[in-house]
Amino acid sequence: MLRTALRNVLAHRARLVMTALAITLGVAFVSGTLVFGDTVTQALRGAAARNLKDVAVVVQSESESESEPERGSGDASPGGRSTALTAELAERVRTVPGVTSVHPVVEGTATLAAKDGRPLNADSGGPNLAVNYAPDEPGTDRDSRIALSAGRGPATGAELALDRRTAEKAGYRLGDVVRFATDGPTLTGTLVGIVTTDDPRVSAGGSLLLLDTATAQRLLLRAGRFDSLSVGSAPGTDEQALADRVRALLPAKGITVTSGARLAREQARQIAENTKELTRMLPAFAAVALFVGVFTIANTFTMLVAQRSRETALLRAVGASRRQVVRAVLAEAGLLGLAASAAGLALGLGIATALPRLLAAGGGGLPDGPLVVSADTLVRSLLVGVGVTLVAAWLPARRAARTAPVAALSAVDQAPPPRGLLLRNCLGGLLTGAGVATMLYVSTQRDGGDLNLKAAGLGSVLTLTGMIVLAPLLSRPVIRLAGVVTTRLFGVGGRLAEGNALRNPRRTAATASALMIGLTLITGLSVTGSSMSAALEAAAVGGLTADLKVSSAGPGLDPAFGAKAAAVPGVAQAAPVAVAALGVRGGYATLTGADPQRLAAVSDLRFSSGSLAELGPGRVALSEQLAARTGLAKGDTFEAALGSGHGRKALTVVGVYRQTRAVGGALATLDEVLPHAYGGRLDSILVKAAPGRAVRGLDEDIRKALGGSPLLQVQDREQLTKAESGRIGPMLDMMYGLLGLTVVIGVFGVVNTLAMSVVERTREIGLLRAVGLDRAGVRRMVRLESVVISLFGAVLGIGTGCFLAWACGSLSTSSLPQYETVLPWGRLGLFLLLGPAIGVLAALWPARWAARLDLLRAIGAQ
């Protein structure tokens with residue numbers, strides 16, 4: 001029987017090509033994601049380990065917040081930050097037996113201006129790191145923590161170095177003057193060195209600036225203070241014992257001493273936690289692709305078994321048992337799965353290589369590292385490929401075993417009589433009903449908690465499974481409706497295509513289901529993405545009529561900037577905005593301050609009571625949410641804590657409005673709020689362009705008028721929306737690409753089903769040719785059958801995807817109140833047209849093959 005199985009694989013290899021391709025793609029997805037996950041984890045661990053190379057002990061200090069600086073005072077450290085680690089403590093650590101080196105580390109943030117003047121990473125949101133460059137020995141230029149690739153390390157406050165990625169992204173070369181800012185005015189330095197780093201934060205899209213130690217302390221921390229100490233030791237030193245000796249010399253409060261090995265383990269654990277979601281998400285897409293492939297495999301073996309019924313009966317007649325027949329079919333499936341899985345493994349390496357580039361295109365990045373191909377990945381991929389193929393072929397194998405030996409007396413291979421669909425329809429109705437009921441319950445929930453998410457997942461699976469089971473029943477009305485159109489447009493060919501599609505509803509349903517699953521997921525993702533984009537846009541710029549928003553990545557804006565922005569030619573109105581904390585009735589809210597007349601020109605606040613004009617000294621407006629939470633209404637007076645709590649004042653409510661992102665929980669005049677804002681600085685300036693003045697160009701004029709600091713952010717409405725959405729767009733694009741593979745597998749299923757249908761109907765096609773149907777008519781008939789089946793799958797997929805996206809969308813309203821389901825009609829129309837397009841594409845080879853059949857041989861076929 002094993003030889004029989006091998007003979008069947010070789011004899012029907014042309015019929016199995018599309019099935020093998022479906023398995024290959026599924027296994028490629030599985031192996032690719034597994035290799036990618038292992039590679040990412042290993043690369044991140046390797047980068048962390050290289051950062052800790054030759055580090056035996058790490059001494060870290062907690063930041064100590066200093067008191068809020070007085071306006072105009074320059075005595076406090078930048079950002080009000082200090083630590084307990086001093087140069088004296090560093091020297092004390094050097095005296096510990098076994099210590100060979102102590103590298104003091106100062107770390108903070110610094111925003112760079114690219115060569116074109118725009119802030120670096122303003123759109124991507126990557127971290128802007130700044131650290132000190134500390135030579136190992138006085139008078140030398142080598143810092144063993146950082147590898148210099150060109151130039152030298154910074155030695156004075158007028159010099160700096162950048163990592164290679166940052167320099168390339170910003171367009172700087174050695175000798176250029178680089179503009180940057182920490183949390184104050186714009187600073188400059190000459191680029192004297194280019195370094196390379198394995199810091200995952202930099203490889204993920206961040207920037208890295210290096211300063212000499214004294215300058216780094218002055219700008220990022222405080223003179224004579226450090227964030228941490230990296231301690232080196234002699235070979236063979238017990239790191240834990242050394243850590244204990246260092247700990248004994250240092251103050252216990254605010255200082256943590258950790259061995260290098262322990263810190264490496266903690267970082268490895270954190271890395272595994274950070275990459276867990278990514279390594280879980282990708283295999284989930286692979287599982288979907290394999291699930292779609294199951295329909296193609298099952299369809300293929302069902303048709304093969306039916307076409308070989310006489311051959312199977314002969315085997316039974318000469319003594320083969322039912323168990324042997326099952327084994328023969330499963331052996332055939334196993335051989336096919338093994339060969340296709342081996343090809344999928346090779347293709348998976350290509351996917352694993354391409355995925356980091358996709359992430360990089362979406363704004364993410366990963367450390368460099370070789371592909372990690374483990375034996376576990378190879379075994380798991382092969383087992384998955386072969387296992388899925390065997391599972392899909394099991395029911396067809398059981399059906400083949402039921403072939404009676406007397407069937408060998410038949411002159412031709414005959415398909416078994418069709419089975420009733422009553423039981424299947426009842427089961428499908430129960431599953432669909434349960435799924436729809438669950439999703440309707442989910443649609444009433446507003447909280448995306450674990451329980452509701454699990455309910456949404458269960459309801460989606462039940463609904464989709466129910467639609468797959470009900471597909472044979474649903475195929476009749478949809479295909480008959482499509483048949484009316486094809487018959488009117490194409491005559492006999494359209495009528496024959498309708499009849500062929502309805503001849504075997506199970507086969508039609510299985511073929512269409514493969515497409516339906518992919519289009520359900522893509523449609524659901526499209527509806528969710530469109531709805532999320534609209535909600536984020538409403539959250540970012542809702543209630544805002546301003547064309548530009550000026551803000552700072554640092555501690556705020558100088559109050560004088562408001563007048564400077566208003567004086568820029570082309571600015572119709574500039575409204576300075578300040579924010580402060582508001583304590584009211586045991587809770588806290590954000591108090592926004594702005595001039596009422598200017599705010600009216602740049603916003604569209606909707607008041608349910610009162611108006612902007614009623615704001616004034618001691619008079620505030622509350623958002624609807626804050627008013628409901630506190631029980632306050634127009635006319636009420638309450639005692640409020642303003643700012644950091646040093647000032648208390650009686651305030652009167654003069655209005656209630658709908659809260660927006662630009663205006664927080666409470667609103668007052670600018671003069672009321674600014675004295676209580678942090679540092680007495682503005683939060684933002686809302687700018688309205690003059691009629692006819694282009695926003696592009698006006699942003700640069702404003703930036704120049706305000707000094708052009710790299711910390712300065714001048715964003716238009718599109719950029720505000722993009723900043724609000726973060727990386728949702730690139731992630732959706734990547735998910736579209738991953739789900740597109742399921743559609744490709746579905747196309748292979750259609751091609752395979754049509755090709756095997758042509759084989760099954762060879763004699764029928766010959767008879768049609770004999771009674772006058774020409775070759776063009778045969779091609780048209782096969783193409784239209786493919787179009788009808790694909791269109792049926794597209795209709796089911798789009799409808800199911802829209803329903804699931806609508807039901808699940810309600811779970812976003814708690815975190816994003818602006819969320820409403822938005823149907824992307826243009827994209828949905830494209831998906832609907834994709835169905836017939838897939839049908840035409842899938843039918844190219846089967847239609848040509850059917851049309852080229854020899855008339856006499858076809859009539860004589862058995």
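Above this text is the structure in question.
Overview of the structure. (Residues numbered from 1 in each chain as written. Predicted model: local features only at pLDDT ≥ 70, side-chain atom pairs only at ≥ 80, totals over all residues. Heavy atoms only, no water.)

1. Structural notes on the overall build of the chain
Alright, step 1. Counting secondary structure elements, the chain contains 28 helices and 26 strands.
Alright, step 2. Per-residue burial over the chain gives 50% buried out of 862 residues.
Alright, step 3. A separation of at least 24 residues holds for 82% of the contacts in the chain among residues at least 6 apart in sequence.
Alright, step 4. Within the structure as shown, the chain displays about 38,700 Å² of accessible surface, and the carbon and sulfur contribution to it stands at 58%.
Alright, step 5. Here the chain carries 87 positive and 65 negative side-chain charges, and the mean point of each set is 15 Å from the other. (Helix = DSSP H or I, 4+ residues; strand = E, 2+ residues; numbered from the N terminus. Buried < 20%, exposed > 50% of the residue type's maximum accessible area, 1.4 Å probe, protein only. Contact = heavy atoms within 4.5 Å. Areas by Shrake-Rupley, 256 points an atom, 1.4 Å probe, with all protein chains shown as cover. Lys, Arg positive; Asp, Glu negative; His and termini not counted. Charge placed at Lys NZ, Arg CZ, Asp CG, Glu CD.)

2. Focus: the pattern of salt bridges
Alright, step 1. A complete count under the given rule lists 17 salt bridges for this structure.
Alright, step 2. For E168, the salt bridge goes to R164, with nearest N and O atoms at 3.8 Å. Taken together, the residues span about one helical turn, with E168 and R164 both in helix α4 (residues 164-170) at a distance of 4 residues.
Alright, step 3. Relative accessible area serves as the criterion here: at 34%, R164 is assigned to the partly exposed category.
Alright, step 4. Notably, a salt bridge pairs R703 with E700, separated by 3.7 Å at the nearest N-O pair. With R703 and E700 both in helix α21 (residues 695-705), this residue pair falls 3 residues apart, about one helical turn. (Salt bridge = Lys/Arg side-chain N within 4 Å of Asp/Glu carboxyl O.)

3. Comments concerning the packing of aromatic side chains
A ring pair, where both rings are aromatic, is described by two values, the distance of the centres and the angle of the planes.
Alright, step 1. Inspection of the entire model under this criterion finds 4 aromatic pairs.
Alright, step 2. Ring geometry for F607 versus Y657: centroids 5.7 Å apart, planes at 55 degrees, classification tilted. Here Y657 lies in strand β23 (residues 647-657) and F607 lies in strand β20 (residues 607-610), a separation of 50 residues in the sequence.
Alright, step 3. On the numbers, 6.1 Å between centres and 35 degrees between planes, the contact of F803 with W806 is tilted. In this pair, F803 and W806 both sit in helix α25 (residues 775-809), 3 residues apart, roughly one turn of the helix.
Alright, step 4. Classification of F803 as partly exposed rests on a relative accessible area of 22%.
Alright, step 5. With relative accessibility at 40%, the residue W806 sits in the partly exposed group. (Phe/Tyr/Trp six-rings, centres within 6.5 Å; stacked < 30°, edge-to-face > 60°.)

4. A short note on the packing of α25 against helix α27 (residues 844-851)
Alright, step 1. Taken N-terminus to C-terminus, the directions of α25 and α27 make an angle of 145 degrees; their axes are 8 Å apart at the nearest point. Remark: the crossing between α25 and α27 carries right-handed chirality. Touching R775, V778, R779, V782 and R783 of α25 are P846, A847, R848, A850 and A851, all from α27.
Alright, step 2. When its residues are assigned to classes, the contact of α25 with α27 shows 6 nonpolar, no polar and 4 charged. (Axes fitted to C-alpha atoms, helices over the stretch in contact; angles between N-to-C directions. Left-handed = near helix turned anticlockwise from the far one by under 90°. Nonpolar A, V, L, I, M, F, W, Y, C, P; charged D, E, K, R; others polar.)

5. Here we look at the sheet that holds strand β15 (residues 228-233)
Alright, step 1. One open sheet accounts for 4 strands, arranged β5-β15-β1-β16; its pairing is antiparallel. Edge strands, defined here as strands with exactly one partner in the open sheet, are β5 (99-105) and β16 (255-259). With direction set aside, neighbouring strand axes in the sheet form an average angle of 15 degrees.
Alright, step 2. Where strand β1 (residues 57-61) lies against β16, 5 bridges are found, and the strand directions are antiparallel. Bridging from a neighbouring strand, V58 pairs with T258 of β16.
Alright, step 3. Sheet contacts for helix α3 (residues 87-94): β5, β15 and β16; angle to β5, the most-contacted strand, approximately 160 degrees.
Alright, step 4. Of the strands in this sheet, β1, β5, β15 and β16 touch helix α7 (residues 239-249), which is tilted by about 165 degrees from β16. (Pairing = 2+ DSSP bridges.)

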